[in-house]
Amino acid sequence: MSTGATVIFGSAVITFAIKAAGPVALGGRELPTWFTSVVVLLAPALLAALVATQALADGDKLAIGADTAGVAAGGLAAWRTGSIIACVLIAPAVTAALRAL
Amino acid sequence: MSFGVVATDAGLSELEAIVMSAIVFAGSAQFSAVAILAQGGGAGAAIAAAALMNSRFLPMGVAFAPSLRGGPIKRALQGQAVVDASWALAARRDGSFDRMLLFGSSAAAYVTWVTGTTVGAVWGGALGDPHDLGVDALFPAFFLGLLVNEARSGRARGVAAAGALIALVLVPVAPAGVPVLVASFAALAGLTRGARDAMLQRQEAEGEPR
């Protein structure tokens, strides 16, 4: 198998296993309250980490750029209007405008 | 689309780029694996990078699990539908998930992803530079918009701030993907007595307006 094919099938298998692990391991049981109260907080923790690593970093370096400003402008719009659509439209527009300067 | 361009630049054939999007279907993992190959890394290193990048699907799958029905095989297959955007979109504030919304938005994302890869791989150079168009701001903005609507309680905001901080501190020192995984530990704040009481109250107050 070529390197490309090995990487493709290897990544596919490992991604399948990772995505299956949680749903299979916790098979249909009624979960205790302490567990649910952690799960409720997983979304804000993971969302914030995704935003931070994508908007404030570039690979393994912390980096502030036009995209940071764009995302911040979008976040402000989401906070003021409660609209995710406004956020998603404004962020790339501001980023592109700053880069065109 | 950008994956198609990047992958063919890194030496994958057009067909390989398309097949990878079709069977791996995890953008950041595919980019990491291809970046390793482009730097001259081996297959093992590339697969390891993809695995680390996808490690965040572990806590996401754990959160999604209680909303799933059926036997292990059915659950494993349903778990494949988890991608960042649809997972975030389908999350309800009580910790459960809108299963059908998740499947629906993942299906749409899948079609867009594979089509985009095909366009990028085959006609790559002819299109405008995604960087000039600010496309890289799109996903963080989407997640931030969801977060702003999601984190209404003080506790959720505190956990979000802690998650972001953990991820940023780890970015320069940990391999790609690990910072987001470790940030999920901020949710352990749910183990405090106050958080458990709040959860119990919410469970008791049935029909509470969201």
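Refer to the preceding data block for the structure.
Attention here is on the structure that accompanies the text. What you see is a predicted model, and the numbers here were worked out from it, not measured in a lab.

Attention now moves to the packing of helix H2 (residues 14–23) of chain B against helix H8 (residues 99–123) of chain B. Residues and elements named next belong to chain B. It is the contact of H2 with H8, at a shortest axis distance of 9 Å, that shows an interaxial angle of 170°. When the interaxial angle is binned, H2 and H8 end up roughly antiparallel. The hand of the H2/H8 crossing is right-handed. On the side of H2, the interface is formed by Glu14, Ala17, Ile18, Ser21 and Ala22, while H8 contributes Tyr110, Trp113, Val114, Thr117, Thr118, Ala121 and Val122. Looking at the contact of H2 with H8 residue by residue, the classes come out as eight nonpolar, three polar and one charged.

Among the nonpolar cores identified, the biggest contains 77 residues, and Met20(B), Trp87(B) and Phe97(B) are the most heavily contacted of them. With 15 residues, the top contributor of residues to this core is helix H2 (residues 33–55) of chain A.

Attention now goes to a nonpolar patch on the surface. Together, Trp34(A), Phe185(B), Leu188(B) and Leu191(B) make up an exposed nonpolar region whose accessible area comes to about 400 Å². Following the sequence through the fold, Phe185(B) ends up in the loop between helix H11 (178–183) and helix H12 (193–204). Assessed through its relative accessible area of 51%, Phe185(B) is described here as exposed.

Look at helix H4 (residues 84–100) of chain A: 25 Å from first C-alpha to last across 17 residues, which is about the 24 Å you get at 1.5 Å a residue. Regarding H4(A), the residues found buried are Cys87(A), Ala91(A), Pro92(A), Thr95(A) and Ala96(A). Taken down its axis, H4(A) places every buried residue within 145° of arc, on the same side. Across from the buried face of H4(A), at angles greater than 90 degrees, the exposed residues are Ile85(A), Leu89(A) and Ala100(A). Considering only its buried residues, H4(A) is in contact with helix H3 (66–81) of chain A together with helix H9 (138–150) of chain B.

With that settled, consider the interface of chain A and chain B. Listed per partner, the contact involves 68 residues of chain A and 88 residues of chain B. The contact between chain A and chain B buries some 6400 Å² in all, and 79% of this surface belongs to carbon and sulfur atoms. At the boundary of chain A with chain B, the tally comes to zero salt bridges. Linking chain A with chain B are six residue pairs in polar contact (both at pLDDT 80 or more).

Conventions we followed
- Residue indices begin from 1 for each chain and proceed along its sequence in written order.
- As a convention, the first chain written is A and the first ligand written is 1, with the rest following in written order.
- Restriction of local features to residues with pLDDT of at least 70 applies here, the model being predicted, together with a cutoff of 80 or more for giving and counting side-chain atom pairs; totals for whole chains, interfaces and linings are based on all residues.
- In computing side-chain properties, one takes all heavy atoms of the structure into account and sets aside hydrogens as well as water.
- To get an axis, a line is fitted to the C-alpha atoms, and for a helix only the part in contact is used. The angle between two axes follows their N-to-C directions and goes from 0 to 180 degrees.
- For the purposes of this entry, the term helix denotes a DSSP run of H or I that reaches at least four residues, the term strand denotes a run of E that reaches at least two, and both are numbered from the N terminus.
- An angle below 35 degrees is treated as roughly parallel, one above 145 as roughly antiparallel, one from 65 to 115 as roughly perpendicular, and anything else as oblique.
- For a crossing to be left-handed, the near helix must be turned anticlockwise from the far one by less than a right angle; the clockwise case is right-handed.
- Every residue pair with non-hydrogen atoms within 4.5 Å of one another is taken to be in contact.
- Throughout this entry, Asp, Glu, Lys and Arg are counted as charged residues, while Ala, Val, Leu, Ile, Met, Phe, Trp, Tyr, Cys and Pro are counted as nonpolar. The remaining residues, Gly among them, count as polar.
- Here, nonpolar core means buried Ala, Val, Leu, Ile, Met, Phe, Trp, Tyr and Cys residues that are tied together by side-chain atoms lying within 4.5 Å of each other.
- Here the term buried applies to any residue with accessible area under 20% of the maximum for its type, exposed to any over 50%, and partly exposed to those in between, with areas from a 1.4 Å probe on protein chains only.
- Exposure above 30% relative accessible area and the lack of any salt bridge qualify a residue for a patch; like charges then connect within 9 Å, and the nonpolar side chains Val, Leu, Ile, Met, Phe, Trp and Tyr within 5 Å.
- All accessible areas in this document rest on Shrake-Rupley with a 1.4 Å probe, and a residue is counted as covered only by the protein chains that are shown.
- For this analysis, a salt bridge means a side-chain nitrogen from Lys or Arg found within 4 Å of a carboxyl oxygen belonging to Asp or Glu.
- A helix's residues, less one, multiplied by 1.5 Å, set its expected span.
- Taken from the helix axis, the directions to the C-beta atoms give the arc we talk about.
- Joining two parts hides part of their accessible area as seen by a 1.4 Å probe, and the buried area is that hidden amount summed over both.
- Polar contact is the term for a pair of N or O atoms within 3.5 Å; when the atoms are in protein, one must be able to donate a hydrogen and the other to accept it, and sequence-neighboring residues count only if both atoms are side-chain atoms.

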